[in-house]
Protein chains: 2
Amino acid sequence: MAMGRPREFDVDKALDLALEVFWSKGYEGASIADLTETMGITKPSLYAAFGNKEELFRKALDKYVDGPGGYFQVALAKPNIRAVVEHMLYESADAVTGPDHPPGCLAVQGALTCGDAAESIKQELVARRAKGEQDLRERFERAIAEGELPPGSDAADLAAYLSAILQGMAVQAAGGTTREQVRKIAEMALRTWPPPPSST
Amino acid sequence: MAMGRPREFDVDKALDLALEVFWSKGYEGASIADLTETMGITKPSLYAAFGNKEELFRKALDKYVDGPGGYFQVALAKPNIRAVVEHMLYESADAVTGPDHPPGCLAVQGALTCGDAAESIKQELVARRAKGEQDLRERFERAIAEGELPPGSDAADLAAYLSAILQGMAVQAAGGTTREQVRKIAEMALRTWPPPPSST
DNA sequence: CCAATTTCCTACCGATCGTTAGATAAGTGA
DNA sequence: TCACTTATCTAACGATCGGTAGGAAATTGG
């Protein structure tokens, strides 16, 4: 069976470079020219290897989620709820201010708003964030069942609250806030954790 | 002195409509065609009245800040620090989920990331968010001086923390989270307010 | 050496981007 | 009525957008 001409670039490496571009400029802000230039390949090579811009973004997003964004699942797997939240906040603070990649979080800034053409990408990111919040919620439910959180705690509310803080840290980082300052936000959130259940 | 042909549209009304478009699609996602269609005017009319896309955005942003975003300054002016934070959180929850305008916050989602051409708009929004945080910080400094916050409280840290929560609520809203759910985030933040100073 | 297969690159596609000439229409002041 | 000014519109500008033909180059199996 004929193999054909071998590829002259590393697909995985090129995807990493594409991820960096999407991460720093967002889906709409990253042009095909930006991408090919950074990836070091021509447009036909990009399309042959990755399909089109949308598919390329989705592949980059997958790589992000279990690469730089992998701390999320690691945190979820911690044995007690305090460790989960601590890890989530501290690792997130470091992740969104990592010195070796763009600031912020791809799932937040990839397409928080966009034109009509990118609507499906925006929805994909909305769904990913919702999935993360849902995972958190389930983890909190387990913690409540195991008596790790005050009676009356609402897992959904806790998940929304923590998600908001994480996303807020991402916005701060995207705007250039330093790692030290973002870490302080994480520390303050932890200092008041867990928020007690509503007294109503 | 000759007046020339009178304008056939209401500049202020058109600017409001432009604001809605930028608010829901972001600076890059809003095309001139989108804007003129919504505003009900032709492209030359837009350019004659507002300069160019960038100037139009800046004018819309100004209108946003002392219109839908006006709650921020109102909250800052409250007489005691608890009222400031309460107002800020509750009004923000309602503002980012207002039924009569796009969800989220223009200062966050207008250009969280972007291509090279929109870099100056992104920087403008970064500066605006930083200014809001700085205003908060100064209000906290006053509160600390007046003994309204625990001794040892750090005004800058408190401002960064509250800013992050507000921005996180905006991200949640932009993703379609309901007003009720966003309000719960505000309530939970308030339930733990103020975070005590670091014990180190 | 010769198909068959796959990647490579140059050049180009139509559509849309933001922006503007240039002509015409509607008002004011003399 | 007649300049003057300003707004209106159609139509177009060059640049860039995402995406692709089409042919040359490089590999494998026969």
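Rules used throughout
Per chain, the residues get numbers from 1 upward, laid out in the order the sequence is written. Each chain gets a letter, beginning with A, and each ligand a number, beginning with 1, in the order they are written. Confidence filtering applies because this is a predicted model: local features only for residues at pLDDT of at least 70, side-chain atom pairs given and counted only at 80 or more, and all residues used for totals across whole chains, interfaces and linings. Heavy atoms from the whole structure form the basis of all side-chain values; hydrogens and water molecules are not counted. Here, two residues are considered to be in contact whenever any of their heavy atoms come within 4.5 Å of each other. Once two parts are put together, the accessible area they lose, assessed with a 1.4 Å probe and summed over both, is termed the buried area. The rule for a salt bridge is simple: a side-chain nitrogen of Lys or Arg has to be within 4 Å of a carboxyl oxygen of Asp or Glu. Think of it as three bins: nonpolar holds Ala, Val, Leu, Ile, Met, Phe, Trp, Tyr, Cys and Pro, charged holds Asp, Glu, Lys and Arg, and polar takes everything else, Gly as well. Working definition: residue near molecule or strand if any one of its non-hydrogen atoms lies within 4 Å of it. In the analysis that follows, any N or O atom pair within 3.5 Å is treated as a polar contact, provided that within protein one partner can donate a hydrogen and the other can accept it, and provided that, for residues neighboring in sequence, both atoms belong to side chains. Strands are runs of DSSP state E lasting at least two residues, helices are runs of H or I lasting at least four, and both sets are numbered from the N terminus onward. Each helix should span, by expectation, one fewer than its residue count multiplied by 1.5 Å. Summary of the burial criterion: residues with accessible area below 20% of their type's maximum are buried, those above 50% are exposed, and those between are partly exposed, where the area comes from a 1.4 Å probe applied to protein chains only. As annotated, the domain borders come from an automatic or database domain assignment. Here the aromatic set is Phe, Tyr and Trp, taking the six-membered ring for Trp, and pairing holds for ring centres within 6.5 Å; pairs whose planes are under 30 degrees apart are stacked, those over 60 apart are edge-to-face, and all others are tilted. A ring is scored as having a charge over it whenever the NZ atom of a lysine or the CZ atom of an arginine sits within 6 Å of its centre and within 35 degrees of its normal. Copies overlap after least-squares fitting; the atoms used are the C-alpha atoms of residues with pLDDT of at least 70 in both. Here, the term nonpolar core denotes a set of buried Ala, Val, Leu, Ile, Met, Phe, Trp, Tyr and Cys residues that are joined through side-chain atoms within 4.5 Å.

A.B. asks: Teacher, can you tell me more about the interface of chain A and chain B here?
C.D. replies: Interface size is commonly expressed as the accessible surface area that is lost when the partners come together. Every contact between the two is made by 43 residues of chain A and, on the other side, 43 residues of chain B. Taken together, both faces of the contact between chain A and chain B bury some 3,500 Å²; the carbon and sulfur share is 60%. Our count for the contact surface shared by chain A and chain B stands at four salt bridges. In this structure, the salt-bridge partner of D116 of chain A is K25 of chain B, at a minimum N-O distance of 3.0 Å. Residues belonging to the side of chain A that touches chain B are distributed by class as follows: 20 nonpolar, 14 polar and nine charged.

A.B. asks: Looking at this structure, I do not really get the protein's contact with DNA strand C. What am I missing?
C.D. replies: Taken together, 26 residues lie near DNA strand C, and E8 of chain A together with I32, K43, Y47 and K53 of chain B sit nearest. In DNA strand C, the atoms that sit within 4 Å of the protein are 68% sugar and phosphate, with bases accounting for the remainder. Taking K53 of chain B, its side chain carries an N or O atom lying 2.7 Å from a phosphate oxygen of DNA strand C. Those elements giving two or more residues to the surface near DNA strand C turn out to be α3 (43–50) of chain A together with α3 (43–50) of chain B. Across the surface near DNA strand C, the residue classes tally to 13 nonpolar, six polar and seven charged.

A.B. asks: What am I meant to see in unusual backbone geometry here?
C.D. replies: Geometrically, the link from W193 of chain A to P194 of chain A is a cis peptide bond, its omega value of -5° lying close to zero. For P194 of chain A, the position within the fold is in the segment after α10 (179–191).

A.B. asks: When you look at helix α6 (residues 81–95) of chain A in this model, what are you seeing that I'm missing?
C.D. replies: Structural remark: α-helix, 3.6 residues per turn; residues separated by three or four positions point the same way. Residue and element names in this part refer to chain A. Its 15 residues place the ends of α6 20 Å apart at the C-alpha level, agreeing with the 21 Å of an ideal helix rising 1.5 Å per residue. Among all positions in α6, only I81, A83, V84, V85, H87, M88, L89, S92, A93 and A95 are buried. Tucked inside the fold, the buried residues of α6 contact α5 (71–76), α8 (119–145), α9 (155–174) and α10. Measuring from the backbone nitrogen of R82 back to the side-chain oxygen at the start of α6 gives 3.2 Å, which picks out N80 as the cap.

A.B. asks: I tried to follow the domain arrangement of chain A on my own but got confused; where do I start?
C.D. replies: Residue and element names in this part refer to chain A. Each assigned domain of chain A is listed with its residue range as follows: domain 1 (11–64) and domain 2 (68–191). Put simply, the middle of domain 1 and the middle of domain 2, counted by C-alpha atoms, are 25 Å apart. At the junction of the two partners, domain 1 supplies 15 residues and domain 2 supplies 22 residues. The largest per-residue losses of area from domain 1 upon contact with domain 2 belong to W23, L61 and Y64, which jointly make up 45% of the total buried on that side.

A.B. asks: It is not clear to me how the packing of aromatic side chains should be interpreted in this structure. Could you clarify?
C.D. replies: Within a pair of aromatic rings, the relevant descriptors are the distance that separates the centres and the angle that separates the planes. Residue and element names in this part refer to chain A. This model, assessed by the stated rule, comprises 12 aromatic pairs over all chains. Taken together, the aromatic side chains of F22, Y27 and F57 make up a single cluster linked through ring pairs. Of note, K53 hangs over the ring of Y27, and the distance from its end group to the ring centre comes to 4.7 Å.

A.B. asks: Before we go on, may I ask you to explain the protein's contact with DNA strand D in this structure?
C.D. replies: The full set close to DNA strand D counts 26 residues, and I32, K43 and K53 of chain A together with G4 and E8 of chain B are the nearest of them. Near-protein atoms of DNA strand D (within 4 Å) split between backbone and bases, with sugar and phosphate holding 68%. Elements that contribute at least two residues to the surface near DNA strand D include exactly α3 of chain A together with α3 of chain B. Residue composition of the surface near DNA strand D, by class: 13 nonpolar, six polar and seven charged.

A.B. asks: What am I meant to see in the relation of the copies chain A and chain B here?
C.D. replies: Both copies of the chain are related by a screw-like operation: a rotation about an axis and a shift along it. Between the two copies, chain A and chain B, the superposition gives an RMSD of 0.0 Å; the rotation angle is 180° and the shift along the axis is 0.0 Å. As the rotation angle and translation indicate, the two copies are arranged about a two-fold axis. Residue G168 of chain A of chain A places its C-alpha closer to the rotation axis than any other residue of that unit, at 1.9 Å. Looking at chain A, 100% of its interface residues are interface residues in chain B too, so the copies touch through the same face.

A.B. asks: Sorry if this is basic, but what is going on with the nonpolar core here?
C.D. replies: Grouped burial of nonpolar side chains is what soluble globular proteins tend to show. Core analysis: the largest hydrophobic core is formed by 137 residues, its most contacted members being L89 and F140 of chain A together with L89 and F140 of chain B. The contacts of F140 of chain A, once residues within four sequence positions are left out, are I81, V85, L149, A155, L158, A159, L162 and W193 of chain A.

A.B. asks: Can you help me understand the pattern of salt bridges in this one?
C.D. replies: Should their charged atoms come close, side chains of opposite charge can pair. Residues and elements named next belong to chain A. Within the structure shown, the criterion is met by 36 salt bridges over all chains. Here D62 makes a salt bridge to R128, at a shortest N to O gap of 2.7 Å. Linking D62 in helix α4 (residues 53–65) with R128 in helix α8, this pair joins segments that are 66 residues apart in sequence. Taken together, the salt bridges that share partners define one network made up of E54, R58, D62, E124 and R128.

A.B. asks: Would you mind going over the side chain of Q172 of chain B with me for this structure?
C.D. replies: Structurally, Q172 of chain B is set in helix α9 (residues 155–174). Among the residues examined, Q172 of chain B registers a relative accessible area of 5% and is labelled buried. The residues touching Q172 of chain B, leaving out its near neighbours within four places in the chain, are E133, A160, S163, A164 and Q167 of chain A together with T177 and I185 of chain B.

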